[in-house]
Amino acid sequence: MDIMPRKAATAPTEGSGRRLGRYPWAAAQIMAALAMAVIGVKSFFDIFGEKVAADTVDAGMIVTVIGALLMVGSFVATIIAAKRFPTTLAPSILAVLIIGLFSVIGLLAISAREDFVQVFATADVREIFGPHVAPKSGVITQGAQLAVGFAPIALLAVMFFRPNWFSLDLLRWVLLLVILGAVAHSVIAWLQVVGVVPYTYFFNLMSGKVGRASGGYFHPASLGRLLLFAVFILYAAGNRLRLSALARYGIVAFLAATAVVSTHRITILCVALVIVAFELRRLPELLRQISDLPFRTAVWGAGVLVVLMVLAAIRWGAYLWDRALFLLTQVGSLNPTNDEFLHGRGQIWFRVVDVWQDAPWDVWLIGLGYEPWNTHADPLRIFVVWGLLGLALMAIIFVNLWRVTKRAIAVEARWMLTVLYVLTIISALTQKPTSYSYFMWLFFLSILLLVRFFPVPSAPVGVPNDASGDPR
């Protein structure tokens, strides 16, 4: 009979050895850290390469694919190590996979839909519709954009499963890199304005071509995506970036001015929305701080501000006035029933409606798998590419993200989540944010910011839950 005391059994812990599988855990953590780093540096790689309207295999695209692989790889390694599926964002992940399946079906059904898609190849359309897109390459491109752009959902799932891997210092450095990238592209944009760097994008007017500042990108919209998220991050992260108030406001002013000279209306609107939303929240405190200033300091500060505004008006007044007139007058028609509505977008939207009246039922349900014309509106693009079911699944993704994030963040930060969603909705009216990989990356990074910097008080160990943002 064995009378020796038995050693109490201990539960396996992370890194405890072969029983838990420490190597998959290590691989998952390393890939998560590398993926975060890629998010931070991605915009710098966009500076290089030829600036053309079509997608090209350049440094930015290669880095984007690598980042997406790291995100998915971290998620898969986490599943292997934990021996279970993280369920926090399961509806979103499942929805993305089903939409991807629609792309596969669209690729297989190209020959069966040949008669219907022929209208896009033979139609006499304006330049705003975009060049003709071959079905096969179009389906592959849309599927790749979906996989790469929504890969951060896997990274978010890892974050909810292992929040301690996403340290506050790591997140702060990633956010600072994104802001630095926005500053770098803004510098290039201003160099375009002064004539040192050539413009890459022009607006065709009756009087000739007008160059539009786009930074290290081809189109001002690409610069705009970086600007609006950088401004959001500067406000939402606040003191956690460890930048002085003067530095943060100086960068915000510089990025906002860059948005104006880019003459991209949606960017200007979204940047202004972020600034107004955050400043209105702190207006009472700001007025109190100003009232507490010594009279001499307030007078000197107001005087310096007036002098700077006068100097700016003298140096840049004529240029800014010309750009303001451009923004106010070059909008096409504001009548939704007119073909010139928003510079021809109305013609595209009505033409799609006309063509889809003859579309097969399967195209209505799961879409074509690609975008034969540039729809210039994200809901319409999703419908064209993945059909009514694609619209429903995309709605499931964003509703699931909203609900999970709202439950994970403190009440005082939920209005920031609302601002983030409003920015995305506004961008989707005339742009296609869900097809732009870096827009979605920065959207998911902003959600990660809110969860890590503003967690609910009942958050698990390792999640920061005090005002300073430091873990307890």
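Given the structure is predicted, the values throughout are model-derived calculations rather than measurements.

What counts, and where the lines are drawn
Residues numbered from 1 in each chain as written. Predicted model: local features only at pLDDT ≥ 70, side-chain atom pairs only at ≥ 80, totals over all residues. Heavy atoms only, no water. Patch = residues over 30% accessible without salt bridge, like charges linked within 9 Å, V, L, I, M, F, W, Y side chains within 5 Å. Areas by Shrake-Rupley, 256 points an atom, 1.4 Å probe, with all protein chains shown as cover. Salt bridge = Lys/Arg side-chain N within 4 Å of Asp/Glu carboxyl O. Helix = DSSP H or I, 4+ residues; strand = E, 2+ residues; numbered from the N terminus. Phe/Tyr/Trp six-rings, centres within 6.5 Å; stacked < 30°, edge-to-face > 60°. Buried < 20%, exposed > 50% of the residue type's maximum accessible area, 1.4 Å probe, protein only. Lys NZ or Arg CZ within 6 Å of the ring centre and 35° of its normal. Core = buried A, V, L, I, M, F, W, Y, C linked by side-chain atoms within 4.5 Å. Contact = heavy atoms within 4.5 Å. Polar contact = N/O pair within 3.5 Å; in protein donor to acceptor, adjacent residues only side chain to side chain. Axes fitted to C-alpha atoms, helices over the stretch in contact; angles between N-to-C directions. Parallel < 35°, antiparallel > 145°, perpendicular 65-115°, else oblique. Nonpolar A, V, L, I, M, F, W, Y, C, P; charged D, E, K, R; others polar.

With that settled, the discussion passes to a nonpolar patch on the surface. A surface patch of nonpolar side chains, about 550 Å² in accessible area, is lined by Val57, Met61, Ile62, Val65, Ile66 and Leu69. Considering the arrangement of structural elements, one finds Leu69 in helix H2 (residues 59-82).

The tally for this structure, following the rule as stated, stands at 21 aromatic pairs. Judged by centre distance (5.4 Å) and plane angle (85°), the ring pair of Phe75 and Phe85 falls under edge-to-face. Of this pair, Phe75 sits in helix H2 while Phe85 sits in the loop between H2 and helix H3 (90-108), and the two are ten residues apart along the sequence. Overall, the relative accessible area of 37% leaves Phe85 in the partly exposed class. One aromatic cluster is present, built from ring pairs that chain together Phe116, Phe120, Trp356, Trp364, Trp373 and Phe383. Lying across the ring of Trp173, Arg172 places its NZ or CZ 5.0 Å from the centre. Lying across the ring of Tyr436, Arg225 places its NZ or CZ 3.8 Å from the centre.

Further remarks concern the nonpolar core. Phe443 and Leu445 are the most contacted members of the largest nonpolar core, which totals 109 residues. Ignoring sequence-local partners within four residues, the contact set of Leu445 consists of Met36, Ile39, Leu171, Val174, Leu175, Val178 and Ile233. With 17 residues, the next largest nonpolar core counts Val139, Val355, Leu368 and Ala377 among its residues.

This part covers the side chain of Glu371. Within the element layout of this structure, Glu371 appears in the loop between helix H14 (361-366) and helix H15 (378-408). Reaching out from Glu371, the side chain makes a polar contact with the side chain of Thr375 at a distance of 2.7 Å. Within the structure, the side chain of Glu371 is placed 3.2 Å from the side chain of Lys432, a separation counted as a polar contact. Ignoring anything within four residues of it in the chain, the contact list for Glu371 reads Val133, Gln142, Arg381, Val384, Val385 and Lys432.

Mapped onto the elements, Ser92 comes out in helix H3. Since its relative accessible area comes to 0%, Ser92 is described here as buried. Polar contacts involving the side chain of Ser92 include one to the main-chain carbonyl oxygen of Ile397, which spans 3.3 Å. A polar contact is formed between the side chain of Ser92 and the side chain of Asn400, at a distance of 2.6 Å. With residues up to four places along the chain from it excluded, the contact list for Ser92 reads Ile153, Ile397, Asn400 and Leu401.

Another point: the packing of H15 against helix H16 (residues 414-430). Between H15 and H16, the least distance of the axes is 12 Å, while the angle of their chain directions is 175°. Comparing the axis directions of H15 and H16 gives the class roughly antiparallel. Here H15 contributes Asp378, Pro379, Phe398, Leu401, Trp402, Thr405 and Lys406 to the contact with H16, which in turn contributes Arg414, Leu417, Thr418, Tyr421 and Ala428. By residue class, the composition of the contact of H15 with H16 is seven nonpolar, two polar and three charged.

Throughout the structure, instances matching the rule amount to six salt bridges. Close ionic contact of Arg172 with Asp169 constitutes a salt bridge, the shortest N to O distance being 4.0 Å. In this pair, Arg172 and Asp169 both sit in helix H7 (residues 168-193), three residues apart, roughly one turn of the helix. Among the residues examined, Arg172 registers a relative accessible area of 9% and is labelled buried. Taking the relative accessible area as the measure of exposure, Asp169 reaches 40% and is therefore partly exposed. Linking Asp169 and Arg242 is a salt bridge whose minimum nitrogen-to-oxygen distance equals 3.3 Å.

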